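# Analysis of the macromolecular model
Chain residues, written in single-letter form:
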Amino acid sequence: MAREIVLDTETTGFEPHLGHRLVELACLEIEDFVPTGRTFHVYIDPERDMPPEAQRVHGLSAEFLRGKPKFADLEIHHAFLEFVGEAPIIAHNAGFDRAFVNHELTVCGREIIPEHRWVDTLALARTRFPGMHNSLDALCKRFKISLADREKHGALIDARLLAAVYLELKGGRERRLELTTSQALAQAVSIAAQGAYGARPRPLAFRSTDAERELHAVFIREAVKSETLWKKHGL
């Protein structure tokens, strides 16, 4: 199965080389375009102030983040790299997220994640919808993906929305049908191999009448029980 990681970040600004830092990092695992339920999510102490314009976007204050783990903490960046593994990383406007993630990895003395491993859904959307608005919000509305649970930008909720958008960009309903058919076939093969079938959810109706079943019962009582039927055939 093809394993991919959908990633989103929240930051203090736009340019890591100007001192801006990660404040939230979320990853969501998908296999064959289906979320597995496994996630990695952490709030990060940026060790600096929070510009008001950034806080208006994600709602994370310096007070809230103070005392949270630092990306440089071994248990944080090691857990992140372990979760990602060698899988491709899906991100919207991937260059932005890549710059921040790789900056933090460099600060920790770890190898960066090379550009060829990143898949940019913004580039995919621009290819499919040239000349249109292709922000994550715009794509959710275009694909009728609900934004009801999203009051502000948040890395984990945005990663979940992006996973749904990515599925649509890779084929949408047709892809879902293909996956559903494949999964149903795999399940049927598995059940057949085990030689076990569950109870029929809707029992079949009798094809014989009450009178026919009564005649059959009489036949069993009179012929079979007395062994006349078996003697007739030399048994």
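Described below are features of the structure shown in this document.

### Overview of the overall build of the chain
Each helix and strand in the chain was counted, giving ten helices and five strands. When the accessible area of the chain is evaluated, it comes to approximately 14,700 Å², of which 56% is carbon and sulfur surface.

### Digging into the pattern of salt bridges
The final tally for this structure, using the stated rule, is eight salt bridges. With a closest N to O distance of 2.5 Å, Glu 29 and Arg 3 form a salt bridge. Taken as a pair, Glu 29 in strand 2 (residues 22–31) and Arg 3 in strand 1 (residues 3–11) lie far apart in primary sequence, 26 residues in all. One connected set of salt bridges, linked through shared partners, spans Arg 3, Glu 29 and Arg 38.

### Considering the nonpolar core
With 22 residues, the main nonpolar core has Leu 7, Leu 25, Cys 27, Phe 71, Phe 80, Val 101 and Trp 118 as its most contacted residues. Those elements giving two or more residues to this core turn out to be strand 1, strand 2, strand 3 (34–43), helix 3 (74–84), strand 4 (89–91) and helix 4 (94–107). Those residues in contact with Cys 27 that lie beyond four places of it in its chain are Ile 5, Val 6, Leu 7, Arg 38, Thr 39, Phe 40, Phe 80, Phe 83 and Val 84. Leu 28, Leu 139, Leu 162 and Leu 167 belong to the second-largest nonpolar core, a separate cluster that totals 20 residues.

### Re the layout of surface pockets
Counted as a void, the largest pocket has a volume near 610 Å³. Considering the residues around the largest pocket, the lining is formed by 26 residues, among which Glu 10, Phe 14, Val 57, Phe 96 and His 153 are closest to the centre. Elements with a minimum of two residues in the lining of the largest pocket: strand 1, helix 1 (52–58), helix 4, helix 5 (121–128) and helix 7 (155–169). Classifying every residue of the lining of the largest pocket by side-chain character gives eight nonpolar, eleven polar and seven charged.

### Side note on helix 7
Taking 1.5 Å of rise per residue, 15 residues should cover 21 Å, and helix 7 covers 20 Å from first to last C-alpha, within 8% of that figure. Within helix 7, twelve of the 15 residues are buried, which leaves it mostly tucked inside the rest of the structure. For helix 7, the full list of buried residues reads Ala 155, Leu 156, Asp 158, Ala 159, Leu 161, Leu 162, Ala 163, Val 165, Tyr 166, Leu 167, Glu 168 and Leu 169. Looking one or two residues past helix 7, Gly 171 carries a phi angle of roughly 145 degrees, positive in sign.

### What to know about the environment of Pro 114
Along the chain, the position of Pro 114 falls in the loop between helix 4 and strand 5 (118–120). A residue is classified by how much of its surface remains accessible, and Pro 114, at 31% relative accessible area, is partly exposed. Separated by 16 residues in the primary sequence, Pro 114 and Arg 98 place their C-alpha atoms 8.7 Å from one another.

### Quick look at the pairing of strand 1
Across a regular strand the side chains alternate sides, sitting on one face of the sheet and then on the other. In terms of burial, strand 1 is largely enclosed, as eight of its nine residues are buried. Pairing of strand 1 with strand 2 involves nine bridges; the strand directions are antiparallel. Its bridge partner being in strand 2, Glu 4 is matched across the sheet by Ile 30. Bridging between strand 1 and strand 4 involves two bridges; their strand directions are parallel. By the bridge assignment, Val 6 is partnered in strand 4 with Ile 90.

### Remarks on the packing of aromatic side chains
Under the definition given, this model contains eight aromatic pairs. Taken together, a centroid distance of 5.0 Å and an interplanar angle of 50 degrees make the contact between Phe 96 and Phe 100 tilted. Note that Phe 96 and Phe 100 are positioned in helix 4 at a spacing of four residues, about one turn of the helix. Judged by relative accessible area, which is 0%, Phe 100 ranks as buried. Among the aromatic residues, those joined into a ring-pair cluster are Phe 40, Phe 71, Phe 80 and Phe 83. Here Arg 3 stacks its cationic end above the ring of Phe 83, 5.9 Å away from the centre of that ring. For the cation-ring pair, Lys 68 lies above Phe 64, with the distance from its terminal atom to the ring centre recorded as 4.1 Å.

Criteria and cut-off values
- Residues numbered from 1 in each chain as written.
- Predicted model: local features only at pLDDT ≥ 70, side-chain atom pairs only at ≥ 80, totals over all residues.
- Heavy atoms only, no water.
- Helix = DSSP H or I, 4+ residues; strand = E, 2+ residues; numbered from the N terminus.
- Areas by Shrake-Rupley, 256 points an atom, 1.4 Å probe, with all protein chains shown as cover.
- Salt bridge = Lys/Arg side-chain N within 4 Å of Asp/Glu carboxyl O.
- Core = buried A, V, L, I, M, F, W, Y, C linked by side-chain atoms within 4.5 Å.
- Buried < 20%, exposed > 50% of the residue type's maximum accessible area, 1.4 Å probe, protein only.
- Contact = heavy atoms within 4.5 Å.
- 1 Å grid on protein atoms, 1.4 Å probe; cavity = no way out; pocket = protein on both sides within 12 Å on 5 of 7 lines; lining within 4 Å.
- Points joined across faces, edges and corners; volume = space filled by probe spheres on them.
- Nonpolar A, V, L, I, M, F, W, Y, C, P; charged D, E, K, R; others polar.
- Expected span 1.5 Å × (residues − 1).
- Pairing = 2+ DSSP bridges.
- Phe/Tyr/Trp six-rings, centres within 6.5 Å; stacked < 30°, edge-to-face > 60°.
- Lys NZ or Arg CZ within 6 Å of the ring centre and 35° of its normal.

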